[in-house]
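Each chain, written out:
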Amino acid sequence: IDNTVLSPLLPKTVTISGTNVFSGNAGVGLIVLSAGVITLNNVTAESNGLQGAYLSNSATTTPAGVTLTGTNKFNSNGGSSALYIESKGLISIANITASSNTAGEGASLNNSVSGATAGVTLSGINTFSSNFTNGLTVVSNGAITISNLTVILSQNGYGASLYNIGTPSNVS
């Protein structure tokens with residue numbers, strides 16, 4: 001889904017609700033490029049050749065957030081990150097499982113791009129296990145808030161890497 005092509009400066013929301021499955025694809029399971037808010041619910045993206053989901057709204061001039069609600073699974077994908085999010089706005093995700101990804105991280109969450117000031121929040125129960133490199137990487141200009149985090153068996157990297165590069169720098 002790319003709603004930035006015709007008019008990249010006009011924010012347009014992308015909402016995917018219900019129960020959503022993007023699995024068994026040769027490339028990326030789900031790509032969303034937007035100039036506005038991205039909201040997804042109950043995403044399963046498993047056994048894809050590259051990323052399970054690639055979500056970006058960082059090209060917009062006005063910061064817009066990315067939100068994942070419900071239960072979200074990103075398992076057994078082959079790309080550099082099973083879940084990749086890049087945004088200038090708040091990244092708020094809940095109930096993430098990212099396990100057994102064979103070529104990269106369980107999740108990479110980045111809102112440190114130019115113009116980003118919001119933080120990253122992980123709520124619910126979040127589990128990252130048996131990923132090829134890091135289980136979870138967060139790079140943010142804003143506060144990083146995480147609850148109920150389990151990261152185990154990262155094969156060639158760190159369990160969780162949390163980089164707060166903004167001012168003030170808060171990680172909790």
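Here the structure is shown first, and the text comes after it.
Residues numbered from 1 in each chain as written. Predicted model: local features only at pLDDT ≥ 70, side-chain atom pairs only at ≥ 80, totals over all residues. Heavy atoms only, no water.

**Q** What's the story with the overall build of the protein in this structure? I'm lost.
**A** Counting secondary structure elements, the protein contains 0 helices and 18 strands. For the protein, whose C-alpha radius of gyration is 15 Å, the value lies close to the compact-globule estimate of 16 Å for 172 residues. Projected onto its principal axes, the C-alpha coordinates of the protein cover approximately 40 × 40 × 25 Å. Burial statistics for the protein: of 172 residues in total, 49% are counted as buried. When contacts within the protein are restricted to residue pairs at least 6 apart in sequence, those whose partners lie at least 24 apart make up 64%. Within the structure as shown, the protein displays about 7,100 Å² of accessible surface, and the carbon and sulfur contribution to it stands at 56%. (Helix = DSSP H or I, 4+ residues; strand = E, 2+ residues; numbered from the N terminus. Rg over C-alpha atoms; globule rule 2.2 N^0.38 Å. Buried < 20%, exposed > 50% of the residue type's maximum accessible area, 1.4 Å probe, protein only. Contact = heavy atoms within 4.5 Å. Areas by Shrake-Rupley, 256 points an atom, 1.4 Å probe, with all protein chains shown as cover.)

**Q** How do you make sense of the side chain of N126 when you look at a structure like this?
**A** Mapped onto the fold, N126 is located in strand β14 (residues 126-129). Looking at N126, its side chain comes within polar contact range of the main-chain nitrogen of I96, at 3.2 Å. Reaching out from N126, the side chain makes a polar contact with the backbone oxygen of S147 at a distance of 3.2 Å. (Polar contact = N/O pair within 3.5 Å; in protein donor to acceptor, adjacent residues only side chain to side chain.)

**Q** Hey, could you run me through the nonpolar core in this one?
**A** What tends to happen in soluble globular proteins is that the nonpolar side chains get buried as a cluster. L55, L68, F74, L83, I85, I93 and L109 are the most contacted members of the largest nonpolar core, which totals 30 residues. The greatest single-element share of this core, amounting to 3 residues, is contributed by strand β9 (residues 81-86). (Core = buried A, V, L, I, M, F, W, Y, C linked by side-chain atoms within 4.5 Å.)

**Q** Looking at this structure, I do not really get the environment of L162. What am I missing?
**A** As for its placement among the helices and strands, L162 is situated in strand β18 (residues 160-164). For L162, a relative accessible area of 32% puts it in the partly exposed group. Each C-alpha atom, one on L162 and one on L50, is 24 Å from the other, the two residues being 112 residues apart in sequence.

**Q** What is the right way to read the packing of aromatic side chains from this model?
**A** Each pair of aromatic rings is reported with the distance of its centres and the angle of its planes. Under the criterion given, the structure shown has 1 aromatic pair. Judged by centre distance (4.9 Å) and plane angle (20°), the ring pair of Y54 and Y84 falls under stacked. Here Y54, found in strand β6 (residues 53-56), pairs with Y84, found in strand β9; they are 30 residues apart in sequence, far enough to count as distant. Relative accessible area serves as the criterion here: at 17%, Y84 is assigned to the buried category. (Phe/Tyr/Trp six-rings, centres within 6.5 Å; stacked < 30°, edge-to-face > 60°.)

**Q** Help me understand the sheet that holds strand β7 (residues 66-69) in this model?
**A** Sheet strands associate in pairs through backbone hydrogen bonding, adopting either a parallel or an antiparallel arrangement. Read from one edge of the open sheet, 6 strands run β1-β4-β7-β10-β13-β16, paired in parallel fashion. Two strands close off the open sheet at either side, each with one partner strand: β1 (14-16) and β16 (144-146). If you compare each strand with its neighbour and ignore which way they point, the axes differ by 5° on average. For β7 and strand β10 (residues 91-94), the ladder comprises 3 bridges, and the chain directions are parallel. Looking at the pairing, L68 lines up with I93 of β10. (Pairing = 2+ DSSP bridges. Axes fitted to C-alpha atoms, helices over the stretch in contact; angles between N-to-C directions.)

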